[in-house]
Amino acid sequence: MTKTMNPILIGVIAGLAAAVLMAAGGYFVALSIILIFLSMAAIFAAGLGFGLLACIVAIGTAALANAVLLSSPLAFLMTAAPLVPAAVMSHLANMSRPASEIGGPDTATAWYPLSDVLFAGAVLTAIASVYTTLASPHIEALYAALADAMQQMMADMSGAGAQMDTLPRDEMIALIRVIWPFAQAMQMMIALFAGFYFAMRFLSAAGRNLRPREDMATSLRMNRVAIVVLIAGLAAMFVGGKIGMIGASLVGACAGGFLLAGFAVIHAYLRGKSWGFPGLVLVYLLTFFFLPVIGFLLVIAGGLANPRRAIPLTQNKPANDANT
């Protein structure tokens, strides 16, 4: 018999841990990415290991802690909105049904496809990105500051002998209004998956996972509906205004999902090859350091070329084993 743990208590502990890690990320800039990933992992650990209630309590606790720390009611919503996709993804990931209902064997359980979990996370991440952008009271001032900094950088490069055509300030701000939600949604999507992955690793090691741990190299894909959403977002980006911002957020979130899927395709292709590890190192170096734009586009193209909706199956435990 396994001892039942209080999901509310687990949620409070996970939420406080996530709040501490997020606050630490603001002080230790060099470790901010890792700390944000770990804060997401704390939220996912509550949801994937102890259910939806624990995840909701964790999100509420983290948001409340940040609101108290910053003395700002708006901080509650600005913290909770990016974490809501984690609750939905955790709930979907823990959903299962008898495999016989979908034509599988009677002795197996079918789990919600990981591609659908990732797609749901992408859509909700885009919504959260739009909300946090619109709700931020200083977003226009940030756009203006970024435009001034980019124009100054281009002017400095022109003074150093490089031929740079500087965009007018208004056009620069309009460009940033598209780039910002795109980049924000992509980063949020990558952080969400990182939290999901690390939480699954931790829960599997502790024996607390409800969903079986999957081989990400073969199962991490986006479904075909995400391609349609990506194209629709691209079309909306050219409309401009708030519609363009929504489109940019959708494109960024879906592109983040396809980027993750593309890296999974590369891992699966190089697995078992004698030169696989050096090949992976070369791919990551080219993508993140030497040819970032081309590298990211190629990896995203790999994810787009391999959509999949695989349903993982696990064998049911015999009745006498389930009671031990």
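Residues numbered from 1 in each chain as written. Predicted model: local features only at pLDDT ≥ 70, side-chain atom pairs only at ≥ 80, totals over all residues. Heavy atoms only, no water.

The next thing to look at is the pattern of salt bridges. Here the structure, examined in full by the defined rule, presents four salt bridges. Here E140 makes a salt bridge to R177, at a shortest N to O gap of 2.8 Å. Residue E140 is found in helix α6 (residues 139–159), and its partner R177 is found in helix α7 (residues 169–206); the two are separated by 37 residues along the sequence. Among the ionic pairs, R271 bridges to D215, the shortest N-O distance being 2.6 Å. You can see R271 sitting in the loop between α10 (241–270) and α11 (276–290) and its partner D215 sitting in the loop between α7 and α8 (216–219), a full 56 residues away along the chain. (Salt bridge = Lys/Arg side-chain N within 4 Å of Asp/Glu carboxyl O. Helix = DSSP H or I, 4+ residues; strand = E, 2+ residues; numbered from the N terminus.)

For S71, which is not glycine, the phi torsion reads 55 degrees and is therefore positive. According to the relative accessible area criterion, S71 is exposed, its value standing at 64%. (Buried < 20%, exposed > 50% of the residue type's maximum accessible area, 1.4 Å probe, protein only.)

Quick look at the packing of helix α3 (residues 52–70) against helix α4 (residues 73–93) now. Their axes nearest at 9 Å, the elements α3 and α4 cross at an angle of 165 degrees. Taken together, the axis directions place α3 and α4 in an arrangement best described as roughly antiparallel. Along this stretch, α3 crosses α4, giving a crossing that reads as right-handed. Taken together, the residues of α4 that come into contact with α3 (itself represented by L52, C55, I59, G60, A62, A63, L64, N66, A67 and L70) are A75, F76, T79, A80, L83, V84, A86, A87, S90 and H91. (Axes fitted to C-alpha atoms, helices over the stretch in contact; angles between N-to-C directions. Parallel < 35°, antiparallel > 145°, perpendicular 65-115°, else oblique. Left-handed = near helix turned anticlockwise from the far one by under 90°. Contact = heavy atoms within 4.5 Å.)

Turning next to the environment of F193. For F193, the location among the structural elements is in helix α7. In this structure the C-alpha to C-alpha distance between F193 and M89, which are 104 residues apart in sequence, comes to 9.6 Å. Every residue in contact with F193, bar those within four places of it in the chain, is listed here: L118, M216, L220 and L260.

The next thing to look at is α4. Spanning 21 residues, α4 covers 31 Å between terminal C-alpha atoms, matching the ideal 30 Å at 1.5 Å per step. The sharpest bend along α4 measures roughly 35 degrees and falls at P82. (Expected span 1.5 Å × (residues − 1). Bend = angle between axes of the 7 residues up to and from the residue.)

Turning to the nonpolar core, a few remarks are in order. As a rule of thumb, soluble globular proteins bury nonpolar side chains together. Of all hydrophobic cores here, the largest spans 58 residues; its most connected members are I43, F44, L48, I59, F196, L220 and M222. Other than its neighbours up to four places away in sequence, M222 contacts S115, L118, F119, A122, C254, G257, F258, A261, P307 and R308. Ranked by size, the runner-up nonpolar core spans eight residues in total, among them I139, Y143, M154 and I173. (Core = buried A, V, L, I, M, F, W, Y, C linked by side-chain atoms within 4.5 Å.)

At a minimum axis distance of 9 Å, the contact between helix α5 (residues 114–135) and α7 shows a crossing angle of 135 degrees. Considering the angle they form, α5 stands oblique to α7. The interaxial crossing formed by α5 with α7 has right-handed handedness. Contacts between α5 and α7 involve L114, L118, G121, A122, T125, A128, S129, T132 and T133 from the former and W180, P181, Q184, A185, M188, M189, L192, F193 and F196 from the latter. Residues that form the contact of α5 with α7 fall into these classes: 12 nonpolar, six polar and no charged. (Nonpolar A, V, L, I, M, F, W, Y, C, P; charged D, E, K, R; others polar.)

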